[in-house]
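# A closer look at the structure
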Amino acid sequence: LDQALASYKKSIAINPDLAEAHNNLGNVQQDLGNLDDTLASYRKALELSPSSADTHSNLLLAEQYRLGHNAETLYQLHSRWDEQHGKTLRAQWPEHQNTTDPDRRLRIGFVSPDLGRHPVGYFAVRLLENLPKEEIKTIVYSDCIADDLSERNRAAVGSWRDIRWESDENLTTTILNDEIDILIDLTGHSANNRLLVFARKPAPLQVSWAGYVGTTGLSAIDYYLSDQYSTLADEEQYYSESILRMPDGWLCYDPP
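Rules used in this analysis
- Along every chain, residues carry numbers that run from 1 in the direction the sequence is written.
- For a predicted model such as this one, the threshold for reporting local features is a pLDDT of at least 70, and the threshold for listing and counting side-chain atom pairs is 80 or more; totals across whole chains, interfaces and linings nevertheless cover every residue.
- In computing side-chain values, all of the structure's heavy atoms are included and hydrogens and water are not.
- Burial status follows relative accessibility: with a 1.4 Å probe on protein chains alone, a residue under 20% of its type maximum counts as buried, one over 50% as exposed, and anything between as partly exposed.
- Note on conventions: DSSP H or I runs of at least 4 residues are helices, E runs of at least 2 residues are strands, and numbering of each starts at the N terminus.
- Between two residues, a contact is recorded if the distance between any of their heavy atoms is within 4.5 Å.
- To define a nonpolar core, start from buried Ala, Val, Leu, Ile, Met, Phe, Trp, Tyr and Cys residues and group those joined through side-chain atoms within 4.5 Å.
- Here a polar contact means two N or O atoms within 3.5 Å. Within protein one must be a hydrogen donor candidate and the other an acceptor candidate, and residues neighboring in sequence count only if both atoms are side-chain atoms.
- The term salt bridge refers to a pairing of a side-chain nitrogen on Lys or Arg with a carboxyl oxygen on Asp or Glu at a separation within 4 Å.
- For Phe, Tyr and Trp, where Trp contributes only its six-membered ring, two rings pair if their centres lie within 6.5 Å, and the inter-plane angle classes them as stacked under 30 degrees, edge-to-face over 60, or tilted in between.

### Remarks on helix α6 (residues 119-130)
- Considered for burial, the residues of α6 that qualify are Val-120, Gly-121, Tyr-122, Phe-123, Ala-124, Val-125 and Leu-128.
- As for α6, its buried residues are in contact with β1 (106-112) and α7 (148-155).

In structure tokens form, the structure reads like this:
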């Protein structure tokens, strides 16, 4: 990390307007635990490249750890992401052709880069293994590199699509062609998210769960799956999503 820090600082000394170097410097500062420097680097990167949704997401993730925030201030910050990157795609929202036959299996999609040895992989595996297969067809859109836990998650679902090299546009088309009824985001604004796909509304119902604590800010995401502890009753007004509350905890967990 120290070598990476020195390299990015050297890059910036050579070219102070290189937005990618400021963003990557922020990533290193975050790994080192230097939050103030992290935020400064991401803000500089956004100043140089305001259209970068990924850098903007990096900033929002870092803001989650800054003292002094509450649900209201975080909602305001996340809403700006949607204004700048999400709502501009609203004109591309499709007419969904999902059949309304009440006796058919629901088609539920999960989008995540973290369904391997990652907290989200451990949160999701028991859910995926216990969904009633006669009632639900599960399709996972995965960005993760294979390991033993990703293989276990893969074995639990109906279809597993490797999307590591798929553009947001192509992934949106794939999800539409799969006729997904409910599309579940497991990432929020953390690394390698596909929120620009969700902003295109490829499924009629979209939900955020497990990978991000708090609102995504996206008007295209309909629901946030939570509980009475993680989202307090007086905080619901500071979510762009409607809150669905589990009766106990919002996460299941399989210990490694």
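### Section: the nonpolar core
- Membership of the largest hydrophobic core comes to 23 residues, with the highest contact counts inside it found for Phe-110, Leu-115, Leu-128, Ile-184, Leu-186 and Trp-209.
- Of the residues forming this core, the biggest block, three residues, is contributed by α6.
- Grouped together as the second largest cluster of nonpolar side chains are 22 residues, Val-111, Ile-175, Ala-203 and Tyr-212 included.

### A few points about the side chain of His-85
- Assignment of secondary structure puts His-85 in helix α5 (residues 71-86).
- Within the structure, His-85 has its side chain in polar contact with the side chain of His-56 (distance 2.9 Å).
- Not counting residues within four places of it along the chain, the set of residues in contact with His-85 comprises Pro-50, Ser-51, Ser-52, Ala-53, His-56 and Leu-196.

### Points about the pattern of salt bridges
- Under the criterion given, the structure shown has 17 salt bridges.
- Linking Asp-254 and Arg-152 is a salt bridge whose minimum nitrogen-to-oxygen distance equals 2.9 Å. With Asp-254 in the segment after β7 (242-245) and Arg-152 in helix α7, this pair connects stretches of sequence that are 102 residues apart.
- Between Lys-201 and Asp-222 there is a salt bridge, and its shortest N-O distance comes to 2.7 Å. One end of the pair, Lys-201, is in the loop between α9 (195-198) and β5 (205-208); the other, Asp-222, is in the loop between β5 and β6 (223-226), and 21 residues separate them in sequence.
- Several salt bridges converge on common partners, so that one network encompasses Arg-126, Glu-129, Arg-152 and Asp-254.

### A word on the packing of aromatic side chains
- Applying the stated criterion across every chain yields a total of three aromatic pairs.
- Seen in terms of ring centroids, Tyr-224 and Tyr-239 are 5.3 Å apart; in terms of plane orientation they differ by 55 degrees. Their pairing is tilted. Of this pair, Tyr-224 sits in strand β6 while Tyr-239 sits in the loop between β6 and β7, and the two are 15 residues apart along the sequence.
- Take Tyr-239: its relative accessible area is 10%, and that puts it in the buried class.
- A ring pair is formed by Tyr-224 and Trp-250, whose centres lie 6.0 Å apart and whose planes are at 25 degrees; its orientation type is stacked.

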